[in-house]
Amino acid sequence: MANYIADKSKGTINPYNFVSLGNAVERSKQITGNNSGVIHCKLVTSTPLAIPDLPLYKEVKCDDTGLVEHKETRFFKIDGKPVIPGSEIRGVIRSAYEALSNSCLSVNNNNILSARSSDVRTPGIIRYENRDNKWHLYKATAKKLKYDGSEDFDETPDTFKRQWRNYKYKNKRADYRGGKVEVTYKFSTTFEEVEADDLDRAIKDYIEVCKIYVKNDSKIKKYIPPKLNKDGTCYPLYYKQFKENGGNYVYLSPAQISRSVFKNKLDDLLETHSHCTDPENVCDACRMFGMIGNGSNEKISALASKIRFTDAVITNKPDYITAILKELAGPKISSVEFYSTVPDMQYLWTYDSNGIQINGRKFYFHHNGDYTTAERTKRNMTTELVDKGAEFQFDVFFDRITDDELHKLVWTLAIGENNSKGIQQHKLGHGKPLGLGSVKITVDSIEKRFFDKEKMEYTIEKPDIEKYFSEIPFDDKSKYFSEYMCITDFSYVQDKKVAYPYGDNKKGGKTSAGSLVWFSANHNDGKMVKSGDKCSVSYSLPKITDKKNLSLPALIAGNDYGKTSDNNHSPKNNGNSRKGGSVYRTQESSGGFFNQIKVKKGR
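The model shown is predicted, which means the values in this text are computed figures rather than measured ones.

### Observations concerning the sheet that holds strand β17 (residues 247-253)
As summarised here, the arrangement of the four strands in space is β10-β9-β16-β17, forming an open sheet in which the pairing is antiparallel. Where the open sheet ends on each side, the last strands, each with one partner, are β10 (134-139) and β17. Strand-to-strand twist of the sheet, defined as the mean angle between neighbouring strand axes without regard to direction, takes the value 45°. Of the pairings in the sheet, the one linking strand β9 (residues 122-129) to strand β16 (residues 235-244) comprises five bridges and is antiparallel in character.

### Focus on the side chain of E384
Structurally, the position occupied by E384 is in strand β27 (residues 381-386). A polar contact is formed between the side chain of E384 and the backbone nitrogen of F75, at a distance of 3.1 Å. What E384 contacts, discounting residues up to four positions off in sequence, is T73, R74, F75, K77, Y320, I321 and T322.

### Comments concerning the side chain of K77
Position of K77 relative to the elements: it lies in strand β6 (residues 77-78). Residue classification places K77 among the buried residues on the basis of a relative accessible area of 17%. Aside from chain neighbours lying at most four places away, what touches K77 is D53, P82, V83, Y320 and E384.

### Brief notes about the packing of helix α1 (residues 86-100) against helix α7 (residues 479-487)
Contact geometry for α1 and α7: axes closest at 9 Å, N-to-C directions at 145°. Along its contact with α1, which presents A96, A99 and L100, the element α7 presents Y480, F481 and Y484. In the contact of α1 with α7, the residues fall into six nonpolar, no polar and no charged.

### Considerations on the sheet that holds strand β4 (residues 58-61)
Ordered in space as β4-β5-β27-β23, the four strands form an open sheet in which the pairing is mixed. In this open sheet, the two strands that pair with only one neighbour each are β4 and β23 (320-324). On average, adjacent strands in this sheet sit at an angle of 25° to one another, irrespective of strand direction. Two elements, β4 and strand β5 (residues 69-73), share four bridges in a ladder whose sense is antiparallel. In the sheet register, V60 faces β5, and the bridge partner there is H70.

### As for the nonpolar core
By size, the foremost hydrophobic cluster in this structure holds 67 residues, and its most contacted members are I39, I84, F309, F394, V396, L413 and Y484. Sort the elements by how many residues they give to this core and α1 lands first, with seven residues. Setting aside anything within four residues of it in sequence, one finds I84 in contact with L43, L49, I51, I89, D311, A312, F392 and L428. In terms of nonpolar packing, the next biggest core, distinct from the first, is built from 34 residues, Y4, F262, A521 and L541 among them.

### So, α7
The buried count for α7 comes to seven of nine residues, which makes it a mostly enclosed element. Among all positions in α7, only Y480, F481, E483, Y484, M485, C486 and I487 are buried. Its buried side turned inward, α7 meets β2 (16-19), α1, β26 (361-364), α6 (403-414) and β29 (426-427). Where α7 begins, the side chain of S478 points an oxygen toward the backbone nitrogen of F481, at a separation of 3.2 Å.

Calculation notes
Residues numbered from 1 in each chain as written. Predicted model: local features only at pLDDT ≥ 70, side-chain atom pairs only at ≥ 80, totals over all residues. Heavy atoms only, no water. Pairing = 2+ DSSP bridges. Helix = DSSP H or I, 4+ residues; strand = E, 2+ residues; numbered from the N terminus. Axes fitted to C-alpha atoms, helices over the stretch in contact; angles between N-to-C directions. Polar contact = N/O pair within 3.5 Å; in protein donor to acceptor, adjacent residues only side chain to side chain. Contact = heavy atoms within 4.5 Å. Buried < 20%, exposed > 50% of the residue type's maximum accessible area, 1.4 Å probe, protein only. Nonpolar A, V, L, I, M, F, W, Y, C, P; charged D, E, K, R; others polar. Core = buried A, V, L, I, M, F, W, Y, C linked by side-chain atoms within 4.5 Å.

Okay, here's the thing in structure tokens:
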């Protein structure tokens, strides 16, 4: 039996999705054109807009103890009037231009990729040995000692003490209400070596994992060695073995159920879509928006932008809303089933898995969801919003760009639809996952400026705006173009519920329902993965263009939750059966009955 039931009646469309990457990025030298001037633009809000003035926020107490602080901030203003900083608009337009022109991802910064996994790791010992000047990994056993300290011991050459922060367990259940306490473990080893290739790399990644732990919980710092000495000291830890291209590798971690830093970095997976680094060989977007490179002293290390965005100033009397926004968190790139794909998606994969591909560029759907909450916490904020219908004006100055670049820039600003009531819209500001920040940009006029050297004066030419929208200057037959036009379509999912997927483990606690529970249930039906077993994955992120199957069902604990079930069950994935597994139950919204979906037996 399955622990969780897929309830379609509570299904939601994930707030974000990905526009695919195109073929290899084409790069060349920057080209100097003969077009200089300004584009006069209008921006109208289609949903409330949040541009919090964060430097001027104030903190208020939001609980009975007076300890938890909550942020309150107003809309960004100059001289008392709402203003959208030009840098905000520039970032949005650059992202759109990069997607439409199949350019690089300019802000990826070669991110370290890491993810928390639900598999149980094996205890081990690492030690640097002078006999060969190498690190070695040895098998070990680990025993958790009694909380009262009665099993404390003195270390020997083959037994080592390891302390960590964890929850107390009673009857195999964690006491979350009691908070984390100091737990001591006894590691014992016979120094049987574990075969591991490139252990030096694994140790470097282990250090990065430890940094992430300390960043997330400063109290962990006292349990992590400040550095790994090469003096024969034994360091207890946990490891997970994996094979890649015929080699035997390991992930090292400070906890038994832990996070891994992967061998692959984002640049490795992006390949030619990695950000430009050579100013003399740049993509379409970097040629116009500029870039910061990695050049040496003998070479230029940056490329100046050929366009400049002014701040957008309000032109009508805005309506204001003061709202407590729902909690928002940073991107969870560790959710590999949303951010990437592999050839066989039946079992959970990693960023080191063979055939892995990044899903593309992240964008948010337009929707009119409920963005407010009644609860003030330290993880959300109260802010002033400008309501829909607010009108702003801003300018885009361009300098020596080509005819093709001007065509692409103008088309991108309005997304090919120069109508203030058009449906192709950008997302701007804070709270995009909540439905905030949908804006329509239109081009009012274009002024080309030419300098007459003989008369020593400028002349102005005003071209017909419509000619810039009569033809599409991008590859409109490409997959990424179609996906971008879908996700920027204001009407695309307006009749659907858009929110992070919902799960409920029926335990009744404060964190017993929500997206965190959904992702836990999506991995191995919410069960811990035993060492050596594979972790099944129930659902991955559907493609933008698969409009009929965009919704992900809620995962609700069944009556048999917590009982033993088949670890290899593999439910329906976005309407398509997968290899492996047994039967997964789906609660239909029409009548609330259970419909059994048979999944073919796999290898």
